[in-house]
Amino acid sequence: MRFLLDAEQRAFAASLDARLTAADTPSVVRAWSRGEHGSGRALWRKIADAGVFGLAVPEEYGGLGPRPVELVVAFVELGRHAVPGPLAETVAAAVLLAGLEDTGPAKRLLPALASGDAMATVASEGSYALDGDVADIRLALAHDGARLAAGHGPVSRSLDPARRLTPLAEGGELLGGGAVPVGPVVGHARLVTAAQALGVGLALLDRTVAYVGQRTQFGVPVGSFQAVKHRLADAKIALEFARPLLFGAALTLDPADIAAAKVGACEAAYATARTALQLHGAIGYTAECDLSLWLTKARALRTAWGGPRECRELVVSGGGRRW
């Protein structure tokens, strides 16, 4: 099936792309990796001003959503520009808060998420949360419901330096209590993570195509070699096959469809990262090369919110039509 964006969606993607291009995201990513969050927070507010986080927040709480297709459009661009921060986690937090039976926490917290005044992170109790040191809202999924953690533990670095991990403090305010909409929370987080991964893969492919057109061996561009063309063609095909899976999942919101999109997009991005690294040669291994910002993210997103094995098992089992 072929999915075509309408004129409004294409304009939204182009506008977001222009904002992020002007923001010099590589320097923002490097500052974020060092724990310097000023430029990252400024970029976060620009993204929120474009309406990105409002797409996950219902209208009654100051948002524009829920609009999962437009969220996918936005997150592809965020991945293409390697934007740092708890992006998927903020979407997951919005879904969690909007799904609580007690609307009090939603009324109190969701408007700030939609406006970009706050960022959120979500993690199961006892596990690591992404960017817990900078998040304003830290949600811990506990056995007795969701809790608003009051703090966080020490920061640990991950494979992707821009993804800083922290344990959340135990205890905290119980939100709603009882049943927590874990299924939709995980589903939306997986969906936008898959969209990010697709954007990362597309950026890696574009950068590699440009590089092999400039790098020469034996007096000719490396990109003219048939073996190089085949590797790039394989990467392009994998990414393009992942695209309809992603938009199809955004339309159905079926757990199995989302899992298939997660596998397709993340595996395509990871394979493209391997190709990009090989075709860049030794320079691709250096942290000074901007390519590394996308290489490490492709690897990290592959296992975020469910790795390939877990998602494949969900696809095989059928997943069910409801959460």
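Residues numbered from 1 in each chain as written. Predicted model: local features only at pLDDT ≥ 70, side-chain atom pairs only at ≥ 80, totals over all residues. Heavy atoms only, no water.

Draft legend 1. Focus on the overall build of the protein chain. Counting its regular elements, the protein chain contains eleven helices and nine strands. By the compact-globule yardstick of 20 Å for 323 residues, the protein chain fits well, its C-alpha radius of gyration being 19 Å. Seen through its C-alpha atoms, the protein chain measures out along the principal axes to roughly 70 × 40 × 35 Å. For the protein chain, the proportion of its 323 residues judged to be buried stands at 54%. Contacts in the protein chain between residues at least 24 apart in sequence constitute 72% of all its contacts with a sequence separation of at least 6. As displayed, the protein chain offers around 13900 Å² of accessible surface, 55% of which is attributable to carbon and sulfur atoms. The averaged location of the 32 negative side-chain charges in the protein chain is 6 Å from the averaged location of its 33 positive side-chain charges. (Helix = DSSP H or I, 4+ residues; strand = E, 2+ residues; numbered from the N terminus. Rg over C-alpha atoms; globule rule 2.2 N^0.38 Å. Buried < 20%, exposed > 50% of the residue type's maximum accessible area, 1.4 Å probe, protein only. Contact = heavy atoms within 4.5 Å. Areas by Shrake-Rupley, 256 points an atom, 1.4 Å probe, with all protein chains shown as cover. Lys, Arg positive; Asp, Glu negative; His and termini not counted. Charge placed at Lys NZ, Arg CZ, Asp CG, Glu CD.)

Draft legend 2. Local environment of the sheet that holds strand β5 (residues 156–157). Here three strands make up an open sheet; going across it, the order is β2-β6-β5 and the pairing antiparallel. With partners counted over all chains shown, the strands left at the sheet margins are β2 (128–130) and β5, one partner each. Judged from the two bridges that link them, β5 and strand β6 (residues 164–167) form a sheet pairing that is antiparallel. Pairing of arginine 157 across the sheet is with arginine 164, part of β6. (Pairing = 2+ DSSP bridges.)

Draft legend 3. Structural context of the sheet that holds strand β1 (residues 120–124). What the four strands build is an open sheet, ordered β1-β3-β4-β7; its pairing is mixed. At either end of the open sheet lies a strand with only one pairing partner, and these are β1 and β7 (173–175). Neighbouring strand axes in the sheet, compared pairwise and without regard to direction, differ in orientation by 30° on average. One ladder, built from four bridges, connects strand β3 (residues 137–142) with strand β4 (residues 145–148); its direction is antiparallel. From the neighbouring strand, leucine 141 faces β4, where its bridge partner is alanine 146. Along the sheet, helix α5 (residues 87–99) contacts β1, β3, β4 and β7; its crossing angle with β1, the most-contacted strand, is approximately 75°. Those strands touched by helix α6 (residues 104–115) are β1, β3, β4 and β7, and its axis lies near 90° from that of β7. (Axes fitted to C-alpha atoms, helices over the stretch in contact; angles between N-to-C directions.)

Draft legend 4. Representation of the nonpolar core within the structure. Residues Val52, Phe75, Leu113, Leu139 and Leu246 are the most contacted members of the largest nonpolar core, which totals 78 residues. For this core, the leading source of residues is helix α7 (residues 182–214), giving ten residues. If sequence neighbours within four positions are ignored, valine 52 has contacts with Phe12, Leu16, Ile47, Leu71, Ala74, Phe75 and Leu78. Among the nonpolar cores identified, the runner-up in size contains 18 residues, and Leu204, Leu291, Trp294 and Leu301 belong to it. (Core = buried A, V, L, I, M, F, W, Y, C linked by side-chain atoms within 4.5 Å.)

Draft legend 5. Up close: the pattern of salt bridges. What the rule picks out here adds up to 15 salt bridges. For the salt bridge of glutamate 36 with arginine 34, the shortest nitrogen-to-oxygen distance reads 3.1 Å. The salt bridge partner of aspartate 133 is arginine 164, with a shortest N-O separation of 3.1 Å. Of this pair, aspartate 133 sits in the loop between β2 and β3 while arginine 164 sits in strand β6, and the two are 31 residues apart along the sequence. (Salt bridge = Lys/Arg side-chain N within 4 Å of Asp/Glu carboxyl O.)

Draft legend 6. Structural context of the side chain of arginine 190. As for its position among the elements, arginine 190 is in helix α7. Taking the relative accessible area as the measure of exposure, arginine 190 reaches 8% and is therefore buried. With residues up to four places along the chain from it excluded, the contact list for arginine 190 reads Ile258, Lys262, Trp305, Gly306, Glu310, Cys311 and Leu314.

Draft legend 7. Representation of the packing of helix α1 (residues 7–22) against helix α4 (residues 68–80) in the model. Packing of α1 against α4 leaves a shortest axis separation of 9 Å and a crossing angle of 30°. As summarised for this structure, α1 and α4 are arranged roughly parallel, according to the angle between their axes. As α1 packs across α4, the resulting crossing turns out to be right-handed. Together, Gln9, Phe12, Ala13, Leu16, Asp17 and Leu20 of α1 and Val69, Glu70, Val73, Ala74, Glu77 and Leu78 of α4 make up the contact between the two elements. (Parallel < 35°, antiparallel > 145°, perpendicular 65-115°, else oblique. Left-handed = near helix turned anticlockwise from the far one by under 90°.)

Draft legend 8. Inspection of helix α9 (residues 255–280) at higher detail. Between its first and last C-alpha atoms α9 spans 37 Å; for 26 residues at 1.5 Å apiece the expected length is 38 Å, and the two agree. Sitting at the head of α9, aspartate 254 places a side-chain oxygen 2.9 Å from the backbone nitrogen of alanine 256. Positioned one or two residues after α9, glycine 281 has a phi angle of 75°, which is positive. (Expected span 1.5 Å × (residues − 1). Polar contact = N/O pair within 3.5 Å; in protein donor to acceptor, adjacent residues only side chain to side chain.)

Draft legend 9. Quick peek at the pairing of β4. From the end of β3 to the start of β4, which pair antiparallel, there are two residues. One ladder, built from three bridges, connects β4 with β7; its direction is antiparallel. Paired with arginine 147 across the strands is leucine 174, a residue of β7.

Draft legend 10. Geometry of unusual backbone geometry. Between glycine 65 and proline 66 the backbone carries a cis peptide bond, its omega angle lying at 5°. Looking at where proline 66 falls in the secondary structure, it is placed in the loop between α3 (38–49) and α4. Although it is not a glycine, phenylalanine 218 sits at a positive phi angle of roughly 55°. Within the secondary structure, phenylalanine 218 sits in the loop between β8 (216–217) and β9 (220–221).

By themselves these figures say nothing about function.
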